[in-house]
Amino acid sequence: MTLDPLLQPFQLKHLTLRNRVMSTAHEPAYSEDGMPKERYRLYHVEKAKGGIALTMTAGSAVVSRDSPAAFGNLLAYRDEIVPWMKRLTDECHEHGTAVMIQLTHLGRRTGWNKADWLPVLAPSRVREAAHRAFPKAAEDWDIERIIADYAAGAQRMQAAGLDGIEIEAYGHLMDQFWSPATNRRDDDYGGALDNRMRFSLRVLQAMRHAVGPDFIIGLRMVADEDWETGLTRQDGLAIARRFKASGMVDFLNIIRGHIDTDNALVDVIPVMGMRSAPSLDFAGEVRAAAEIPVFHAARIADVATARHAIAEGKLDMVGMTRAHIADPHIVKKILSGQEDRIRPCVGATYCLDRIYEGQDALCVHNAATGREASMPHVIAKSTGALKRVLVVGAGPAGLEAARVAAERGHGVTVWEASDKPGGQVLLATRHARRRDLIGIIDWRVQELQRLGVEIRFGIYAEAADVEAAAPDVIFLATGGLPDTDVLRDGNALVVSAWDILSGQVKPAERVLVFDDNGAYPAMQAAEMMAEAGSSVEIVTPERFFAPEMGGLNHAAFARRFQQRGVRITINTRLVSARREGNELVAALGSDYGDAITERRVDQIVVDHGTLPDETLYEALKPASLNLGAVDYEALVAGQPQESLRNPAGQFRLFRIGDAVASRNIHAAIYDGLRFAKAL
């Protein structure tokens, strides 16, 4: 027995949940043909292996054809989903984890030009900015049809052996009926709150008729839209009480805020630099007022906050969703007394930003998440000959390669030229709002200490030094340097985003930032300079700024740019720069014509990614067994690199991370994992 509040079981109707930790519904976009096939299943099973009590699948599964997938959603209206969900559920049950699914009709929160090209539907003809569709107003026959679809979807999930379902009611069709911002009807489904709830209660009645009184049904509902035209806190509490009184709802999963724009969504799903657990107290208020089991998740990223939520009676089940994307074995590590080994969620929100950009969810610093079929979360010991491994560079790529190689049992040493680990991550963390990224580095350094790996600082490695160390395998993680040589004339007059981020160059009064990379460095530099009082204009040749940065982080930057008067100019390219007196003249052109305009500024900052530092690599290649070559087929298959291009070679040589090409943190860590796991 344990006194840890997080580890206490929770009784939900007939279902005993083994602890108080859950993963709330989200759509990782791992589905295939709208079905939760192998990749989807393994993702949830890994969390079950890690000790979680409840995994809520889908984010969410759509119940009707005229609710086309917006984020790779599962298709709950198809009978084929039953065996796929049954296999997922059975495997999670084998590890002691309960499984539920979130069902929805997206209403206006999707697009019309996909799937079956059916009209998007909503209670009223009110367009959602995020998805831009102009919906038709739901007719009587639509309402009857969709109610039946909800009931049929619930039946399918009961047939698949799930423990329950959760209806999505924030930003989707059900709560679009509740909200005065989206419901302008004058019939029985509009006007007074009882009328606006009529659709929801009819859905619940149909579901209960389909699955019976014992099957668990809950709602993930918005209880305050925090919006002058939307649902108030008082409305939300009234809705929660009505659901409790109906006797048809077993739990509520509480949301605060609205999600019709990127700016609104970032308050519901906070990113790095924003307040931790911003709606936890509010969820606790709903629990007390409605006297019904309450779940909640919104940037509850650490065990201490989750424990507090349960201990103080604010929640019955605490959602640590992004935290489990970073580390699916949180509960297992708590149980084994290894809480300090939990890989931290740093709030980068790379996972969800990718989803909202139409890609699959990936964790910025756990490259095994979503790749469970080929990448391990727990590194197995090598069964072959142990090797001497030298890693040159202690950025994210080098630290990950060192960690994985050491877990395999190899003898590992890390050399780093500077006086501390981190590489380019250290530059990013100089931006106060993104300082939590240091957790990526700190966790790996701590793991290397546990594994007995030495990191030697202040070593500017030369080929002779490396060869004298007689390693069997060398990982070059030496990164890159800013590439500012991109102008027709005047390259010597510009500084890099790194110069600003590092503090080596102070911001001037009038600054032009040329972002030809589309990622974070230019955005961070622009924000830091604006906060220092500079007048800043960002110029980019893209159709919109920072395309490598997703909508949630975009919103966080855009807010500050708006506050500080940062100007953004798209479809424009910096062609050249020249000095005139004390000013710099930036010549601006376009890919769409020949016209040139000019800006007179005090400073020009350029971000065009990095160029790999290849000096050491080129010096070591001739002495390597593989001559630096990588067998991509073996790499992708997770097999050892056995290429022998130079039988007289002394070691195998691999470049990883930005030492190969300018990419991002996830790519660097993925390199480190997949090369080292096969040693």
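Computed from a predicted structure; not experimentally measured. (Residues numbered from 1 in each chain as written. Predicted model: local features only at pLDDT ≥ 70, side-chain atom pairs only at ≥ 80, totals over all residues. Heavy atoms only, no water.)

Student: With reference to specific residues and values, describe the overall build of the protein chain.
Tutor: Helices and strands together make up the secondary structure of the protein chain, namely 23 helices and 27 strands. The globule rule puts the C-alpha radius of gyration for 679 residues at 26 Å, and the 27 Å found for the protein chain is close to it. Expressed as lengths along the three principal axes of its C-alpha atoms, the size of the protein chain is roughly 80 × 65 × 45 Å. Of the contacts made within the protein chain by residues no fewer than 6 positions apart, 72% connect residues no fewer than 24 positions apart. By element, 48% of the accessible surface of the protein chain is carried by carbon and sulfur atoms, the whole surface being about 26300 Å². (Helix = DSSP H or I, 4+ residues; strand = E, 2+ residues; numbered from the N terminus. Rg over C-alpha atoms; globule rule 2.2 N^0.38 Å. Contact = heavy atoms within 4.5 Å. Areas by Shrake-Rupley, 256 points an atom, 1.4 Å probe, with all protein chains shown as cover.)

Student: Account for the packing of aromatic side chains, with residues named and values stated.
Tutor: The relation between two aromatic rings is expressed through the spacing of the ring centres and the mutual angle of the planes. The final tally for this structure, using the stated rule, is 14 aromatic pairs. Ring geometry for F71 against Y356: centres 5.0 Å apart, planes inclined by 90 degrees, an arrangement best described as edge-to-face. On the criterion of sequence distance, the pair formed by F71 in the loop between β4 (54-62) and α2 (81-94) and Y356 in helix α13 (residues 350-356) is long-range, its members being 285 residues apart. You can call Y356 partly exposed: its relative accessible area is 29%. Residues Y150 and F199 carry aromatic rings whose centres are separated by 6.4 Å and whose planes lie at 70 degrees to one another, so their mutual orientation is edge-to-face. With a gap of 49 residues between them, Y150 in helix α3 (residues 140-159) and F199 in helix α6 (residues 198-211) connect regions that are remote in the sequence. (Phe/Tyr/Trp six-rings, centres within 6.5 Å; stacked < 30°, edge-to-face > 60°. Buried < 20%, exposed > 50% of the residue type's maximum accessible area, 1.4 Å probe, protein only.)

Student: Describe the sheet that holds strand β22 (residues 573-580), listing the residues and the values that go with them.
Tutor: In spatial order, the strands read β22-β23-β24; together these three strands make up an open sheet with antiparallel pairing. Taken across any chain shown, the strands that pair with only one partner, and hence form the sheet edges, are β22 and β24 (593-601). Within the sheet, the average angular offset between the axes of one strand and its neighbour, ignoring direction, is 25 degrees. Pairing analysis gives six bridges linking strand β23 (residues 583-590) to β24, with the strands arranged antiparallel. Each residue of the ladder has a partner; that of V585, found in β24, is R600. (Pairing = 2+ DSSP bridges. Axes fitted to C-alpha atoms, helices over the stretch in contact; angles between N-to-C directions.)

Student: Residues and numbers for the sheet that holds strand β15 (residues 454-457), please.
Tutor: Read from one edge to the other, the open sheet built from five strands follows the order β15-β14-β13-β16-β27, with strand pairing classed as parallel. Each edge of the open sheet is held by one strand with a lone partner, namely β15 and β27 (652-655). Taking each pair of neighbouring strands and ignoring which way they run, the sheet shows an average axis angle of 15 degrees. Judged from the four bridges that link them, strand β14 (residues 411-416) and β15 form a sheet pairing that is parallel. Counted as the bridge partner of V414 is I455 from β15.

Student: Can you break down the UniProt feature "domain: NADH:flavin oxidoreductase/NADH oxidase N-terminal" (unreviewed entry) in the protein chain residue by residue, with the values?
Tutor: UniProt's entry tags residues 6-340 with the feature "domain: NADH:flavin oxidoreductase/NADH oxidase N-terminal" (unreviewed entry), counted in the numbering of this structure. Across residues 6-340, the secondary structure splits into 37% helix and 17% strand, with the terminal C-alpha atoms separated by 16 Å. (UniProt positions renumbered as here; feature names shortened; annotations may be inferred.)

Student: If you had to explain helix α10 (residues 303-311) to someone new, which residues and values would you point to?
Tutor: Buried residues of α10: V303, T305, A306, A309 and I310, and no others. An end-on view of α10 places all buried positions within 165 degrees of arc, on one side of the element. Where the residues of α10 are buried, they touch α9 (280-290), β12 (317-319) and α12 (330-335). Where α10 begins, one side-chain oxygen reaches toward the backbone nitrogen of A304, 3.2 Å away; that side chain belongs to D302. Looking one or two residues beyond α10, the residue adopting positive phi is G313, at roughly 70 degrees. (Arc of directions from axis to C-beta. Polar contact = N/O pair within 3.5 Å; in protein donor to acceptor, adjacent residues only side chain to side chain.)

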